[in-house]
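Structural overview for review
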Amino acid sequence: MSETTAASGAPRHATALAFDMGASSGRAYVGELAREADGTRRLKVAEMHRFENEAVRVGMHLHWDILRLLQEIKRGIRKTFQTGYAPRTVGIDTWGVDFGLIDEGGELLGNPYHYRDSQTEGLIEELSERFGADALFASSGLQFMPFNTIYQLYAMSRAGSAKLAAAKTLLLTPDLLTYLLTGVPACEFTMATTTQLFDPRTRSWNAELMRELGIPETMFLDPVAPGTRIGTLSDEVLEELRIPPVEAVAVGSHDTASAIAAVPAGDEPFAYLVCGTWSLLGTELNEPVLKPETLALSFSNEGGVGGTYQLLKNIMGLWILQECKREWDDSGIPIGYPELVGLAEAAEPLRSLIDPDDARFYGPSDMTSKIRAFCRETGQPEPRDQGEFARCILESLALRYRQALEQAESLTGRTFAGLHMVGGGIQNKLLCRLSAGAIGRPVFAGPAEASAIGNLLLQFVAQGEIAGLPEARRLVSDSFQVDTFEPADGEAWVAAYTRFKALCPGA
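Residues numbered from 1 in each chain as written. Predicted model: local features only at pLDDT ≥ 70, side-chain atom pairs only at ≥ 80, totals over all residues. Heavy atoms only, no water.

Taking an unreviewed UniProt entry as the reference, the protein chain is identified by name as Rhamnulokinase belonging to Cohnella ginsengisoli.

This part is about the sheet that holds strand 19 (residues 483-485). Spatial ordering of the open sheet is given by 15-16-14-13-17-18-19, a layout of seven strands whose pairing is mixed. Edge strands, defined here as strands with exactly one partner in the open sheet, are strand 15 (300-303) and strand 19. On average, each strand axis in the sheet is inclined to that of its neighbour by 30°, with strand direction left out of account. Looking at chain direction, strand 18 (residues 443-445) and strand 19 are connected through three bridges and run antiparallel. Looking at strand 19, one finds that Val 443 is bridged to Phe 485. Set on the sheet, helix 15 (residues 386-412) makes contact with strand 13 (271-275), strand 14 (279-285), strand 16 (309-315) and strand 17 (419-422); between it and strand 16 the angle comes to about 150°. (Pairing = 2+ DSSP bridges. Helix = DSSP H or I, 4+ residues; strand = E, 2+ residues; numbered from the N terminus. Axes fitted to C-alpha atoms, helices over the stretch in contact; angles between N-to-C directions. Contact = heavy atoms within 4.5 Å.)

Next up on the list: the side chain of Ser 435. One can find Ser 435 in helix 16 (residues 429-439). Residue classification places Ser 435 among the buried residues on the basis of a relative accessible area of 0%. A polar side-chain atom of Ser 435 sits 2.7 Å from the main-chain carbonyl oxygen of Leu 431. Leaving out residues up to four positions away in the same chain, Ser 435 has contacts with Ala 398, Tyr 401, Met 421 and Val 443. (Buried < 20%, exposed > 50% of the residue type's maximum accessible area, 1.4 Å probe, protein only. Polar contact = N/O pair within 3.5 Å; in protein donor to acceptor, adjacent residues only side chain to side chain.)

Here we come to the environment of Leu 469. Checked against the element boundaries, Leu 469 lands in helix 18 (residues 469-479). Judged by its relative accessible area of 16%, Leu 469 falls in the buried class. Distance from Leu 469 to Leu 457, taken between C-alpha atoms, is 8.5 Å for residues 12 residues apart in sequence.

Here we take up the UniProt feature "domain: Carbohydrate kinase FGGY N-terminal" (unreviewed entry) in the protein chain. The UniProt feature table records "domain: Carbohydrate kinase FGGY N-terminal" (unreviewed entry) at residues 16-259. This span, residues 16-259, is 33% helix and 27% strand, and a straight line between its end C-alpha atoms measures 17 Å. (UniProt positions renumbered as here; feature names shortened; annotations may be inferred.)

Cysteine pairs can be linked by a disulfide, which is a covalent bond between their two sulfur atoms. Under the definition given, this model contains zero disulfides. Free cysteine Cys 275: the closest other cysteine sulfur is in Cys 432, separated by 7.0 Å. (Disulfide = S-S within 2.5 Å.)

UniProt marks residues 271-462 with the feature "domain: Carbohydrate kinase FGGY C-terminal" (unreviewed entry), using the numbering shown here. What you have in residues 271-462 is 46% helix and 16% strand, and the ends, taken at the C-alpha atoms, are 27 Å apart.

Once that is clear, we can look at the pattern of salt bridges. The final tally for this structure, using the stated rule, is 31 salt bridges. Salt-bridge contacts for Glu 388 lead to Arg 351; the nearest nitrogen and oxygen are separated by 3.0 Å. Pair noted here: Glu 388 is in helix 15 and Arg 351 is in the loop between helix 13 (337-346) and helix 14 (367-377), with a separation of 37 residues, a long-range link. Note on accessibility: Glu 388 and Arg 351 belong to one class, buried. Via salt bridges that share partners, Arg 41, Arg 88, Glu 465 and Glu 471 belong to a single interconnected network. (Salt bridge = Lys/Arg side-chain N within 4 Å of Asp/Glu carboxyl O.)

Moving on to the sheet that holds strand 3 (residues 41-52). By way of backbone hydrogen bonds, the strands of a sheet pair with one another, either parallel or antiparallel. The strand order across the open sheet formed by six strands is 3-2-1-6-12-11, and the pairing between neighbours is mixed. Strand pairing shows two members of the sheet lacking a second neighbour, strand 3 and strand 11 (228-232), which therefore form its edges. Adjacent strand axes in the sheet meet at a mean angle of 25° when their direction is disregarded. Here strand 11 pairs with strand 12 (residues 247-250) via four bridges, running antiparallel.

Turning to helix 2 (residues 123-131), a few remarks are in order. Turning to helix 2, its buried residues are Leu 123, Ile 124, Leu 127 and Ser 128. Buried residues of helix 2 fall within an arc of 130° about the axis and therefore sit on the same side. The exposed residues of helix 2 that point more than 90 degrees off its buried face are Glu 125 and Glu 129. On its buried side, helix 2 packs onto helix 3 (133-138), helix 4 (149-158) and helix 8 (207-213). Positive backbone phi, approximately 90°, marks Gly 132, located one or two places after helix 2. (Arc of directions from axis to C-beta.)

We now examine the packing of helix 12 (residues 319-330) against helix 14. At a minimum axis distance of 8 Å, the contact between helix 12 and helix 14 shows a crossing angle of 120°. In terms of orientation, helix 12 lies oblique with respect to helix 14. Seen from helix 12, the contacting residues are Trp 319, Ile 320, Glu 323, Cys 324, Glu 327 and Trp 328; seen from helix 14, they are Met 367, Thr 368 and Ile 371. Of the residues contributing to the contact of helix 12 with helix 14, the split by class is six nonpolar, one polar and two charged. (Parallel < 35°, antiparallel > 145°, perpendicular 65-115°, else oblique. Nonpolar A, V, L, I, M, F, W, Y, C, P; charged D, E, K, R; others polar.)

Okay, structure coming up:
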């Protein structure tokens, strides 16, 4: 079944509206629970609105244009009602870690910083030395990433930020957008766990660490569970949009948590890959894994839906390919993704490999030069054209997935029969096929709009239409197509994996 349907006039079924906000774009999807003639319930999803999400540089800092995002959300709500739908609830999911600060009068204190802002450079090393890496990890279970909220707030504290001094409440991005729509401040659990300031052992904020770092502990609200009703859109918003009351729900507000909620897996333990600008590979557990090996392998324990924890690894993802494409587009040789994938398919297999998580690939600009430099430094032939660059990136990602999958098995003692891939990246069928070859196991790809679907599922839980996570996943299996990719070219991939591990020892 198609993941999107045309609007069909006035809704006759339970209806919800999801906003799925990524680092480069935002999308609005309306979802209806419909019962088919055979009695099976299915989720039907239609895209209502799509918009760009661009970072804005002001002086030395990189920011999110949060008010423009708010305006686009309002447009999406208005379009949905104008199309003939009347959603009972709305939910917002976004990337993790970033936040806005609210003052005593309820006003937003400036545009939030972008997670790629440079203010946190060197702070991982500083705090790891100050507190000890093992102790710091045990207090959050989170992979040390330079953009984590802890480092952003510490940078502001160290700089004597006037915004931080004036702040009464910290709201993570989806909570901030919900607040601007409803006037009700809240903190959703899965987002809280991305901050590196939430202790999974006590399931509460680490106030002692905040005091040590000069971060005001009073800014942090007690987290609420995914599926919590937050409040009705404010009278001002309802009047502006000329719509009836709609209730906001805290979904799995971290987009990763929503995407994992939509993985169409059964009752057996499973491994997943949420594939987009970032790749996140892991497995779902009832408790976090806080042993030293988790830190050594750079895995995270992030909150999930239904009280779960997600043991996962952040991998750079399709960001590298996106930046190459942007570079080519800006230089006057634009290329579409279908054409780029076609060129990659025709390129020589496994010619050159990179470590996708090498620090040089983290920042924007000059991505092709960085790839050439990595290949040159490691004694490999440099990519010569667009197809070879794309093939190098995709094969390197596939091999990183194998490495992370084996590490997840080592940490959990589990063995996974295959890998569930969800997210927009699965529209790149070549990546799915390469991933199956690299891991030597089947890849189950679908659904593509997993974050939006998971967002909708949590709203239907809040509406009382779905009992919980197992029923939600069965609904996904009944409603959306999943493609299976079988492994091939095993010997070539085994040899390539040996080469790959030599390029990124200790990863």
